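Observations on the three-dimensional arrangement
One-letter residues, chain by chain:
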Amino acid sequence: MAPRPTSHSDVSLNLALAVIASSTARLLLLDGDLTLIAASKSFCRAFQIDPVSVANCPLGKLGAGEWNVPQLNTLLTAAASGFAEVESYEIDLNRKGRESRRLVLNAQKLEYGNDDNVRLLLAVSDVTDARIAEKLKDDLVKEKAVLLQELQHRVANSLQIIASVLMQSARKVQSDETRTHLFDAHQRVMSVAAMQQQLAASSASDVALRPYFTALCKSIGASMIRDHNQLSLDVSADDSSSAADVSVSLGLIVTELVINALKHAFPGDRKGKIKVDYHSHGPNWALSVTDDGIGMPADAANVKPGLGTGIVEALTKQLQAVIKVTDAKPGTAVSVAHTQIAAVQMGEARAV
Amino acid sequence: MIVESEALIRMSAVHMVQDAGFSSLDVGNADDAIEILKDRRDVRAVFTDINMSGSMDGLKLAHAVRGRWPPIHLIVTSGLNMADKLPANGRFILKPYSAEQVAAVLSELFSSHPAPHRLFSDPGGNCAKVA
């Protein structure tokens, strides 16, 4: 760097020159006519300017004239006169044989108390690479969103294929018992699908349980309740959300318990209500399905448990929860509850 | 008319539509659907998937049908919620859908124009032709 002959005894100018010389930022010090007084070494290095050529060089003639950008001239002249501010102003620097660079400019008029010695400090940052990186990141985020959508679409389509195959089979079989099993299997697939739909609808990885259980029960009700004036199926739940794997287990438990109640609690044309309830408090939660039907048979212990019971037991264990069946007088209440302390004890019991 | 590229889903959709009391016709892509619509006058509703190969997807088909054959009811399905991209008066069903959902949408669409309940008259001519 070669400062102008020190006709300026001004201390602050010397200070400014020293700061510019040692700065790693790309800085230019200009006078009111946009003639260079100094440039930082880093500026010269970054924009291939010979440091010797800097002093007294008009900005427009710097290098091969690539800094002669009309709007930059206007802007800096206005800034030097004090009636415009240059803050985060972006220009493209075009040089022959080189790729265009995107620059962000900030100019500061230095006040000396008189208007004769106007000084303008111009800071230049090259954001070309940062912008490319940003765009790349944006592209990746977009690509990820597209892939996720594609995946959700495929999952939904696959579930529809499975559900379709089960329904086709149910139409074809002769045995009522087999048909019932196939319908139940179909219902279980739709239960997993309802969770998937909730997950796809939200941007979070957690599933809001009230809308999920509500959609689930609507779907079960639509396919299994013939007369909605006879039987009602209601959901009450707090604003809890849970992770997708926990949610799908909870949903399958609800599905099994509701199907079970619909099949056994209301023989004939018995009227009744089924209520699904979920509440949580910190890590503890309780899920219950209560009906006001005919209650458990006296010899319940002797009845061979079906697939539904097996599913509920397996999932309850997986969720480190405990099942409790009580007489709701009338009807039956099945609750599945998880308490953190009990879960720790269960863990210890297993470890022994 | 059912437009669905996945054979098993198409088969199942045909049963759902028939169980809901309508006769049906089914094709595997939007181009075939357009060809049929050009030939026939008795298609009352189009039930289409969105993601399909061919020159147009189900959304384009739905818009094309709304533009050229405005009286035809439109039901569009997809694994992603595209309800906001549908043409006017189109109905959206999220995949996987159940027979009950299909029946409910069909009965809602046709309740304003009750008779005759035919999605598509059968080629044998057993069902009444609908203009």
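The following paragraphs examine the structure supplied in this document. (Residues numbered from 1 in each chain as written. Chains lettered and ligands numbered in written order. Predicted model: local features only at pLDDT ≥ 70, side-chain atom pairs only at ≥ 80, totals over all residues.)

Structural notes on the overall build of chain A
Broken down by element type, chain A carries 9 helices and 12 strands. Out of the 352 residues belonging to chain A, those deemed buried represent 30%. (Helix = DSSP H or I, 4+ residues; strand = E, 2+ residues; numbered from the N terminus. Buried ≥ 20, exposed ≤ 12 C-beta atoms within 10 Å, placed from the backbone.)

Concerning the nonpolar core
Grouped together as the largest cluster of nonpolar side chains are 46 residues, with contacts concentrated most on Phe213, Ile253, Val254 and Val258 of chain A. Take this core: its biggest share by element is 9 residues, from helix α7 (residues 244-264) of chain A. Those residues in contact with Ile253 of chain A, other than ones at most four positions away along the chain, are Leu287, Val312, Leu315, Thr316 and Val336 of chain A. Judged by nonpolar contacts, the second largest core, of 31 residues, contains Ile9, Val17, Val43 and Leu106 of chain B. (Core = buried A, V, L, I, M, F, W, Y, C linked by C-beta atoms within 7 Å. Contact = placed C-beta atoms within 7 Å.)

Considerations on helix α1 (residues 7-19) of chain B
Residues and elements named next belong to chain B. Its 13 residues place the ends of α1 18 Å apart at the C-alpha level, agreeing with the 18 Å of an ideal helix rising 1.5 Å per residue. Listed as buried for α1 are Ile9, Ser12, Ala13, Met16 and Val17. Angularly, the buried residues of α1 cover 140° about the axis, an arc narrow enough to put them on a single face. Exposed side chains of α1 directed beyond 90 degrees from the buried face belong to Ala7 and Gln18. (Expected span 1.5 Å × (residues − 1). Arc of directions from axis to C-beta.)

Some points on the environment of Asp33 of chain A
Structurally, Asp33 of chain A is set in the loop between β1 (26-31) and β2 (36-39). Here the alpha-carbon distance between Asp33 of chain A and Asn73 of chain A, two residues 40 residues apart in the chain, equals 9.7 Å.

Topic: the sheet that holds strand β4 (residues 101-110) of chain A
Residues and elements named next belong to chain A. With antiparallel pairing, 5 strands are arranged side by side in an open sheet as β2-β1-β5-β4-β3. Each having just a single partner strand, β2 and β3 (86-93) make up the two edges of the open sheet. Sheet twist, expressed as the mean angle between neighbouring strand axes with direction ignored, is 25°. The pairing of β3 with β4 spans 6 bridges and is classified as antiparallel. (Pairing = 2+ DSSP bridges. Axes fitted to C-alpha atoms, helices over the stretch in contact; angles between N-to-C directions.)

Looking at the packing of α7 of chain A against helix α8 (residues 307-318) of chain A
Residue and element names in this part refer to chain A. Contact pair α7 / α8: the axes reach a minimum separation of 9 Å and the direction vectors enclose 150°. Relative to α8, the element α7 lies roughly antiparallel. For the pair α7 and α8, the sense of crossing is left-handed. Contact residues: Ser249, Leu252, Ile253, Glu256, Leu257, Ile259 and Asn260 in α7; Gly308, Ile311, Val312, Leu315, Thr316 and Gln318 in α8. (Parallel < 35°, antiparallel > 145°, perpendicular 65-115°, else oblique. Left-handed = near helix turned anticlockwise from the far one by under 90°.)

Topic: unusual backbone geometry
The step from Lys329 of chain A to Pro330 of chain A runs through a cis peptide bond, and the omega angle for that step is 0°. With respect to the helices, strands and loops of the structure, Pro330 of chain A is situated in the loop between β11 (322-327) and β12 (332-338). The residue after Lys95 of chain B, namely Pro96 of chain B, is reached through a cis peptide bond having omega -10°. Looking at the element boundaries, Pro96 of chain B is found in the loop between β5 (91-94) and α4 (99-111). A positive phi is found at Gln48 of chain A, a non-glycine position, where the angle reads about 50°. With respect to the helices and strands, Gln48 of chain A occurs in the loop between α2 (41-46) and α3 (70-81). Here Gln48 of chain A falls in the exposed class, since 11 other C-beta atoms lie within 10 Å of it.

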